[in-house]
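# Fold and contact review
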Amino acid sequence: MSNISSFPTAIPDGDDLILGSQIDVAGIPSTKNFTVQSIVDKVPSLSLGYTSLVQLLNQTGTAAPVATEVYNNTGQTFTWSYVSQGVYRITSTNTPFTVNKTVVFVNPGAAGVVALTTQWNLISSSIIELTSLNLNYLTNDFIVNGSFEIKIYN
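Read on for an overview of the structure. (Residues numbered from 1 in each chain as written. Predicted model: local features only at pLDDT ≥ 70, side-chain atom pairs only at ≥ 80, totals over all residues. Heavy atoms only, no water.)

## Examining the side chain of S126
- Of note, S126 is situated in the loop between β8 (116-122) and β9 (127-134).
- Excluding residues within four positions of it along the chain, S126 makes contact with I90, T91, S92, N94, T95 and F97. (Helix = DSSP H or I, 4+ residues; strand = E, 2+ residues; numbered from the N terminus. Contact = heavy atoms within 4.5 Å.)

This is how it looks when you write it as structure tokens:
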């Protein structure tokens, strides 16, 4: 029998393997190899209780918002589109958005527009819509280095 303290200490790489047990749907454990990266990817959603998408946004004219992705542990790919004056949509490749478990935070950034209101609406399990109002009028050009975050709770 080996003495575990006799093995050298190392710092693992993402593709290194860790031996573990996985429980199947019938409750039966089986021994498997897991990559260090797969465990790291799982930790935020398990410890925080949500996954998150964070982007910096810019929007001009009738163009879709341009997003710079800061963080994304949702496992989803997202695209922005222009719907109409002051109305924009973010669409996921899958269906991660759940009623009462999806929260959106949006800040238009340095647009410098007075009396600006930004609202969000869950259109479907794959689409969120942003609406920008300036003095109750729909308006474009409202996002300049704005921040956008979606939290999807477990």
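On we go.
## Section: the pairing of strand β3 (residues 50-58)
- With eight bridges joining them, β3 and strand β11 (residues 146-153) adopt antiparallel strand pairing. Bridged to L53 within β11 is I150.
- The pairing of β3 with strand β4 (residues 66-72) spans six bridges and is classified as antiparallel. Pairing of L53 across the sheet is with N72, part of β4. (Pairing = 2+ DSSP bridges.)

## Quick word on unusual backbone geometry
- Even without being a glycine, N100 presents a positive backbone phi close to 65°.
- Looking at the secondary structure, you find N100 in the loop between β6 (87-92) and β7 (102-107).
- We classify N100 as exposed; its relative accessible area is 78%.
- In this structure, N145 takes a positive phi of about 55° despite not being glycine.
- Examined against the element boundaries, N145 turns out to sit in the loop between β10 (137-138) and β11. (Buried < 20%, exposed > 50% of the residue type's maximum accessible area, 1.4 Å probe, protein only.)

## A closer look at the environment of T102
- Mapping T102 onto the fold places it in strand β7.
- Since its relative accessible area comes to 8%, T102 is described here as buried.
- Note: C-alpha distance between T102 and T91 (11 residues apart in sequence) is 14 Å.
- Among all residues touching T102, those that are not within four sequence positions of it are F97, W120, I128, I150 and K151.

## Notes on the pattern of salt bridges
- All told, the structure shown has one salt bridge when counted by the stated rule.
- A salt bridge links E129 to R89, with the nearest nitrogen and oxygen atoms 2.6 Å apart. Remark: R89 occurs in strand β6 and E129 occurs in strand β9; sequence separation between them is 40 residues.
- The class of E129 is buried, set by a relative accessible area of 14%. (Salt bridge = Lys/Arg side-chain N within 4 Å of Asp/Glu carboxyl O.)

## Quick notes on the sheet that holds β3
- The four strands are arranged β4-β3-β11-β7 in an open sheet whose pairing can be described as antiparallel. The open sheet has two edge strands with one neighbour each: β4 and β7. Shown here is a sheet whose adjacent strand axes are inclined to one another by a mean of 20°, direction ignored.
- Of the strand pairs in this sheet, β7 and β11 are connected by six bridges, and their pairing is antiparallel. Among the inter-strand pairings, V104 is bridged to a residue of β11, identified as I150. (Axes fitted to C-alpha atoms, helices over the stretch in contact; angles between N-to-C directions.)

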